[in-house]
Amino acid sequence: MKKITDTIELEELAFSELNHLEATLVQRAQEISKNAYAPYSNFHVGAAVALDNGEIYQSSNQENVSFPVGTCAERLLLGYVGANYPEQVPQMLAIVAQRAGEDTWAGVSPCGMCRQAINEVENRYQSPITILLLQADGTVLRFRGIRQLLPLKFDDLHS
Ligand code: THU
């Protein structure tokens, strides 16, 4: 038996430490979270992505009475940009969340399915995506690529 230890790296930043693009993405995600359709969870999520041509797109989560049919904000967003702007490489993704009726922001972290979806986009374009997660205390966690959120990820059908 061989013991294997893996590590992940992330950074915690105050909002004031974000660069212009990072701050813009978090704000765009906050704005679009108002459009969440989340009558079952009351958890309103917003995601914003920057493409390598400088364009920014955003989405909220969209739920369904048949719960598994609902779609997370970031997966809806990555599907949209992949379908509409396949020549542009997603570079940075911000995700935020707020519970219905609250003024403060909730902590959020992408579900396993969304981590795998982000991984697919990185593999498609052979380019890591910086992921920003707004936390309940107002700080932002920054991950340089999905590996930091998905160690031992599934990448290859043939290896
Ligand atoms: N959700 C997202 O949209 N993104 C995340 O990163 C976390 C979870 C959604 C799914 C569901 O509509 C609600 O939040 C509660 O899980």
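Preceding this section is the structure that the text describes.
Basis of the calculations
- Residues numbered from 1 in each chain as written.
- Predicted model: local features only at pLDDT ≥ 70, side-chain atom pairs only at ≥ 80, totals over all residues.
- Heavy atoms only, no water.
- Pairing = 2+ DSSP bridges.
- Helix = DSSP H or I, 4+ residues; strand = E, 2+ residues; numbered from the N terminus.
- Axes fitted to C-alpha atoms, helices over the stretch in contact; angles between N-to-C directions.
- Expected span 1.5 Å × (residues − 1).
- Buried < 20%, exposed > 50% of the residue type's maximum accessible area, 1.4 Å probe, protein only.
- Arc of directions from axis to C-beta.
- Contact = heavy atoms within 4.5 Å.
- 1 Å grid on protein atoms, 1.4 Å probe; cavity = no way out; pocket = protein on both sides within 12 Å on 5 of 7 lines; lining within 4 Å.
- Points joined across faces, edges and corners; volume = space filled by probe spheres on them.
- Salt bridge = Lys/Arg side-chain N within 4 Å of Asp/Glu carboxyl O.

**Focus: the sheet that holds strand β5 (residues 130–134)**
- Spatial ordering of the open sheet is given by β1-β6-β5-β4-β2-β3, a layout of 6 strands whose pairing is mixed. The two strands at the open ends of the sheet, each matched to only one other strand, are β1 (11–13) and β3 (56–60). If you compare each strand with its neighbour and ignore which way they point, the axes differ by 20 degrees on average.
- In this structure, strand β2 (residues 43–51) lies alongside strand β4 (residues 90–99), joined through 9 bridges in antiparallel fashion.

**Things to note about helix α3 (residues 112–125)**
- Between its first and last C-alpha, α3 extends 20 Å over 14 residues, near the 20 Å set by a 1.5 Å rise per residue.
- Those residues of α3 not exposed but buried are Cys114, Arg115, Ile118, Asn119, Val121, Glu122 and Tyr125. Angular distribution of buried residues about the axis of α3 spans 160 degrees; they occupy a single face of the element. Seen from the buried face of α3, the exposed residues on the opposite side, beyond 90 degrees, are Met113 and Glu120.
- Structurally, α3 contributes buried residues whose contacts are with α2 (73–84), β4 and β5.
- After α3 finishes, the residue Gln126 shows a positive phi value of roughly 50 degrees.

**Some remarks on the layout of surface pockets**
- The calculated volume of the largest pocket comes to roughly 350 Å³.
- In this structure, the largest pocket is lined by 21 residues; those nearest its centre are Asn61, Glu63, Gly70, Thr71 and Cys72.
- Of all the secondary structure elements, the ones that give two or more residues to the lining of the largest pocket are β2 and α2.
- Examining the composition of the lining of the largest pocket, we find that 3 residues originate from one element, α2, more than from any other.

**Notes on α2**
- In a regular helix each residue adds 1.5 Å, so 12 residues correspond to 16 Å; α2 covers 16 Å between its end C-alpha atoms and thus fits that length.
- Among the residues of α2, those classed as buried are Ala73, Glu74, Leu77, Leu78, Val81 and Gly82. All buried residues of α2 fall inside an arc of 150 degrees around its axis, so they share one side.
- Buried residues belonging to α2 abut β2, β3, β4 and α3.

**Topic: the pattern of salt bridges**
- All chains considered together, the criterion is met by 5 salt bridges.
- Between Glu11 and Arg142 there is a salt bridge, and its shortest N-O distance comes to 2.8 Å. Residue Glu11 is found in strand β1, and its partner Arg142 is found in strand β6 (residues 140–144); the two are separated by 131 residues along the sequence.
- The partner of Glu11 in a salt bridge is Arg144, and the shortest N-O contact between them spans 3.9 Å. Separated by 133 residues along the polypeptide, Glu11 in strand β1 and Arg144 in strand β6 bring together distant segments of the chain.
- Beyond isolated ion pairs, a larger network of salt bridges with shared partners links Glu11, Glu22, Arg142 and Arg144.

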